[in-house]
There are 2 protein chains.
Amino acid sequence: LKNRYAVGIDIGGTYIKLALVDINGRISRRSKLSTSNYRTREELIEAVASEVKAIRAEASLPRGALLGAGIGVPGLVDFKRGMVYNLTNLSGWRNTPLKKMLGAKLGLPVMVDNDVNLMALGEYRFGAGKGAKNIICLTLGTGVGGGIIIDGALYRGSTFSAGEIGHMPLKEDGLSCNCGGRGCLECYVGNGYLVEEIKAEIRAGVRTMITKLTGKNVSAITPETITQAALKGDKFSIDFWNKVGRRLGITLTGVINLLNPERIIIGGGIADAGQLLFGPIRRTVNERALPIPRRAVKIVKAKLGNDAGVIGAASLFFTGEVID
Amino acid sequence: LKNRYAVGIDIGGTYIKLALVDINGRISRRSKLSTSNYRTREELIEAVASEVKAIRAEASLPRGALLGAGIGVPGLVDFKRGMVYNLTNLSGWRNTPLKKMLGAKLGLPVMVDNDVNLMALGEYRFGAGKGAKNIICLTLGTGVGGGIIIDGALYRGSTFSAGEIGHMPLKEDGLSCNCGGRGCLECYVGNGYLVEEIKAEIRAGVRTMITKLTGKNVSAITPETITQAALKGDKFSIDFWNKVGRRLGITLTGVINLLNPERIIIGGGIADAGQLLFGPIRRTVNERALPIPRRAVKIVKAKLGNDAGVIGAASLFFTGEVID
């Protein structure tokens, strides 16, 4: 069981990342394709297959050492059937039998899952979740996603859509969300919303170092700008992260009281704000969550960074739950 | 495996209920003790043991047919050790090794769990949850509790405190809750709060049939009074249940988006308001939850009523997860 490998594939809106991952979660080979190079899903799948074959040939692994290829996609997947129902930022993928299509080209077992689920699996096996059995993984970006590990296995839900922490209501009445709901967490901590909130405050005349950092070019503001300003002591920016952390802390209070997890792992762009964001998240949870689940949980930053997706995808083959 | 039985015991603040339950969830014998008759936990445990022995003797079951005794208690329990950490409305129970104490007296396997967990287990095996694998069970009373079935097994959480739906925040800023948190669902749909809300409205001069039903005696108002008035067409009472159903629907939207369950089972006193309450709960979920998990879930009334506790307690022995 020592020299076992799987290829992990992470299909994103900009890049397709591939990596050869060993059973200890170490990456020995990598490669990357530009998603926009392929006009159809067939072209894209063909390119991925060639790339996997190239990685396999270069690695010249002993027979039986390569267990399969795991793929994460940004969208809704029937994990058992390996069927992609639809992808969030890629068109033409509705009802794609990806497991079957790629498997036929590779002659290898293939498993397909949602990308956030696989980040959670990667962090659980090889990252910030090691040693814990019940984990909630939160990714903060344009969208706010989540993955759930229960008793050491990914919990996908009854129709493979579990984990949508970004669409838990933060406010009883609140902003209309793209999802059709109202007051969803994502409406208040998604990157796009955060930047708009900052711009509105600046237009309203607030004094902040952010305007110095970006000059007159308000459209250049990103979450990183807010962090830079906060790290330089800008009160507005520090308060801003306090506000965002408090919102996350309130939703996580609900998740903690409901699921009593051992660990909450937070990754994605704005997690790079570090203590500026984790401080108020933890303070809010400490103030509001029930004592017993609060004492049981650690809230930590994700460890695998941009590799979480490929490592998680490969580790589908390291969990003993291979679906043929 | 046909003629297998377990005794189910449900320890409540008012009564201790016992029942002999067969592997199909049918009750063949029952008995009931008044909780207040026993001054100490030792006296209470002794009385329960005698009662179990009496039930066993009367039933004259064949050797090996009685698998054990399951007990539900209103409080925090370490299920694996059978240790009661503390009970909500009974004093003197802190750190009680109930499994050991009762087991020694009975010479039978004993398992102990939280009462709401066991209601969920009972409904899953023999009630409104039959056929579903991922279930959320909600009990509405003075407190608002919850039980979670994941992949056909009770999910107890990392430190046995999972399921506290009543302490998920409904409001970002809201009433201070007994639990130490703020804006918890329980603060807005717990029986006590509902009755206080009605009384305040009546004192403020609202016109409602409720005042006719209870005469001048405002303190006689219960959730049943509101239902009676609503069923007679009282607009205030109908609107009141709409408001309460909407609050429950918002919190359940979060639970549905997070866990993608097949079924949500609602029991406890105010669930008797029936369609008056389930109508607005379902409407709110339909308006706000994500399409895929929304279509996957059925929101139904609990079926086992007051028997859920004893049936659930007995069914700890019918699940194949016996802890010795």
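The structure presented is a predicted model; accordingly, all values stated were derived computationally and were not measured.

1. Some remarks on the packing of aromatic side chains
Between two aromatic rings, the relevant description is the distance of the centres plus the angle of the planes.
Inference 1: Per the counting criterion, the structure on display carries 8 aromatic pairs over all chains.
Inference 2: Cluster of aromatic residues (ring-pair linked, three or more members): A:Phe236, A:Phe240 and A:Trp241.
Inference 3: In this arrangement the basic side chain of A:Arg156 is found over the ring face of A:Phe79, its NZ or CZ atom lying 3.5 Å from the centre.
Inference 4: Above the face of the B:Tyr15 ring, B:Lys32 is positioned so that its terminal group lies 4.2 Å from the ring centre.

2. Quick notes on the packing of helix 5 (residues 191-203) of chain A against helix 8 (residues 235-259) of chain A
All names here are of chain A.
Inference 1: At their nearest, the axes of helix 5 and helix 8 sit 12 Å apart, and the two run at 140° to each other. Regarding the angle of helix 5 to helix 8, the classification is oblique. You can see that helix 5 and helix 8 cross each other, and the crossing is right-handed. Where helix 5 abuts helix 8, its residues Tyr 193, Leu 194, Glu 197, Ile 198 and Glu 201 lie against Phe 236, Phe 240, Trp 241, Lys 243, Val 244 and Arg 247.
Inference 2: Split into classes, the residues belonging to the contact of helix 5 with helix 8 amount to 7 nonpolar, no polar and 4 charged.

3. A look at the pattern of salt bridges
Inference 1: Under the definition given, this model contains 34 salt bridges over all chains.
Inference 2: Here B:Glu172 makes a salt bridge to A:Arg246, at a shortest N to O gap of 3.7 Å. Here the residue B:Glu172 occupies a position in the loop between strand 10 (153-154) and helix 4 (186-189), and A:Arg246 occupies one in helix 8, the pair thus bridging two chains.
Inference 3: The closest approach of N and O atoms between B:Glu201 and B:Lys243, which form a salt bridge, is 3.5 Å. Here the residue B:Glu201 occupies a position in helix 5 (residues 191-203), and B:Lys243 occupies one in helix 8 (residues 235-259), the gap between them amounting to 42 residues.
Inference 4: Exposure remark for B:Lys243: the relative accessible area of 31% places this residue in the partly exposed category.

4. Considerations on the sheet that holds strand 11 (residues 263-267) of chain B
All names here are of chain B.
Inference 1: As summarised here, the arrangement of the 5 strands in space is 10-9-8-11-12, forming an open sheet in which the pairing is mixed. The open sheet has two free edges, formed respectively by strand 10 and strand 12 (298-301), since each of these has just one partner strand.
Inference 2: Bridge count between strand 8 (residues 135-140) and strand 9 (residues 144-150): 6 bridges; the pairing is antiparallel. Within strand 9, the position partnered with Ile 135 by the bridge is Ile 149.
Inference 3: Along the sheet, helix 9 (residues 275-288) makes contact with strand 8, strand 11 and strand 12, crossing strand 12 at roughly 165°.

5. A word on the state of the cysteines
Residues and elements named next belong to chain B.
Inference 1: Counted under the stated rule, the structure contains 0 disulfides over all chains.
Inference 2: Left unpaired, Cys 187 is separated from the closest cysteine sulfur, that of Cys 177, by 3.7 Å.
Inference 3: You can call Cys 187 buried: its relative accessible area is 10%.

6. So, empty space enclosed by the protein
Inference 1: For the coordinates displayed, the defined rule picks out 2 cavities of 30 Å³ or more.
Inference 2: Taken as a whole, the largest cavity holds about 140 Å³ of empty space.
Inference 3: Together, A:Met168, A:Pro169, A:Leu170, A:Ile250, A:Thr251, A:Gly254, B:Met168, B:Pro169, B:Leu170, B:Ile250, B:Thr251 and B:Gly254 line the largest cavity.
Inference 4: Here the residues of the lining of the largest cavity sort into 8 nonpolar, 4 polar and no charged.
Inference 5: When its volume is computed, the second largest cavity comes out at roughly 40 Å³.

7. A closer look at the relation of the copies chain B and chain A
Inference 1: After a rotation of 180° and a shift along the axis of 0.0 Å, chain B superposes on chain A with an RMSD of 0.0 Å. In short, the pair behaves as if placed about a two-fold rotation axis. In terms of C-alpha distance to the rotation axis, chain B has B:Lys171 as its closest residue, with the C-alpha 3.1 Å off the axis.
Inference 2: Residue by residue, 100% of the interface of chain B is reproduced at the interface of chain A, so both copies engage with the same surface.

8. What to know about the sheet that holds strand 8 (residues 135-140) of chain A
Residue and element names in this part refer to chain A.
Inference 1: Spatial strand order, 10-9-8-11-12: 5 strands in an open sheet with mixed pairing. The outermost strands of the open sheet, each flanked by one partner alone, are strand 10 (153-154) and strand 12 (298-301).
Inference 2: Here 2 bridges tie strand 9 (residues 144-150) to strand 10, and the two strands are oriented antiparallel to one another. Looking at the pairing, Ile 149 lines up with Leu 154 of strand 10.
Inference 3: Here helix 3 (residues 115-126) sits on the sheet in contact with strand 8, strand 9, strand 10 and strand 11 (263-267), set at roughly 50° to strand 9.
Inference 4: Taken strand by strand, helix 8 contacts strand 8 and strand 11, and its axis lies near 160° from that of strand 8.

9. Notes on the interface of chain B and chain A
Inference 1: On the side of chain A, 45 residues touch chain B, which itself brings 45 residues to the contact.
Inference 2: Roughly 3700 Å² is buried in total at the junction of chain B and chain A, and carbon and sulfur atoms are behind 56% of that figure.
Inference 3: If you sort the residues of chain B by the area they bury against chain A, B:Glu172, B:Leu258 and B:Arg288 come out on top, with a joint share of 21%.
Inference 4: Inspection of the chain B/chain A interface yields 6 salt bridges.
Inference 5: On inspection of chain B and its partner chain A, the count reaches 28 residue pairs in polar contact (both at pLDDT 80 or more).
Inference 6: Looking at the side of chain B that touches chain A, the elements that each hand over two or more residues are strand 9, helix 8, helix 9 and helix 10 (291-296) of chain B.
Inference 7: No other element matches the 9 residues that helix 8 of chain B contributes to the side of chain B that touches chain A.

10. A few points about the confidence of the model for chain A
Inference 1: Residues with a pLDDT of 70 or more make up 98% of chain A, whose mean pLDDT is 94.
Inference 2: Across the assembled chains, the prediction reports ipTM 0.95 with pTM 0.95.

11. Considering the nonpolar core
Inference 1: Within the largest apolar cluster, 94 residues are counted, with the highest numbers of intra-cluster contacts made by A:Trp241, A:Ile266, B:Trp241 and B:Ile266.
Inference 2: Ranked by residues supplied to this core, first place goes to helix 8 of chain A with 11 residues.

Scoring rules and cut-offs
Residues numbered from 1 in each chain as written. Chains lettered and ligands numbered in written order. Predicted model: local features only at pLDDT ≥ 70, side-chain atom pairs only at ≥ 80, totals over all residues. Heavy atoms only, no water. Phe/Tyr/Trp six-rings, centres within 6.5 Å; stacked < 30°, edge-to-face > 60°. Lys NZ or Arg CZ within 6 Å of the ring centre and 35° of its normal. Axes fitted to C-alpha atoms, helices over the stretch in contact; angles between N-to-C directions. Helix = DSSP H or I, 4+ residues; strand = E, 2+ residues; numbered from the N terminus. Parallel < 35°, antiparallel > 145°, perpendicular 65-115°, else oblique. Left-handed = near helix turned anticlockwise from the far one by under 90°. Contact = heavy atoms within 4.5 Å. Nonpolar A, V, L, I, M, F, W, Y, C, P; charged D, E, K, R; others polar. Salt bridge = Lys/Arg side-chain N within 4 Å of Asp/Glu carboxyl O. Buried < 20%, exposed > 50% of the residue type's maximum accessible area, 1.4 Å probe, protein only. Pairing = 2+ DSSP bridges. Disulfide = S-S within 2.5 Å. 1 Å grid on protein atoms, 1.4 Å probe; cavity = no way out; pocket = protein on both sides within 12 Å on 5 of 7 lines; lining within 4 Å. Points joined across faces, edges and corners; volume = space filled by probe spheres on them. Least-squares fit on C-alpha atoms with pLDDT ≥ 70 in both. Buried area = accessible area lost by both parts, 1.4 Å probe. Polar contact = N/O pair within 3.5 Å; in protein donor to acceptor, adjacent residues only side chain to side chain. pLDDT = per-residue confidence, 0-100. Core = buried A, V, L, I, M, F, W, Y, C linked by side-chain atoms within 4.5 Å.

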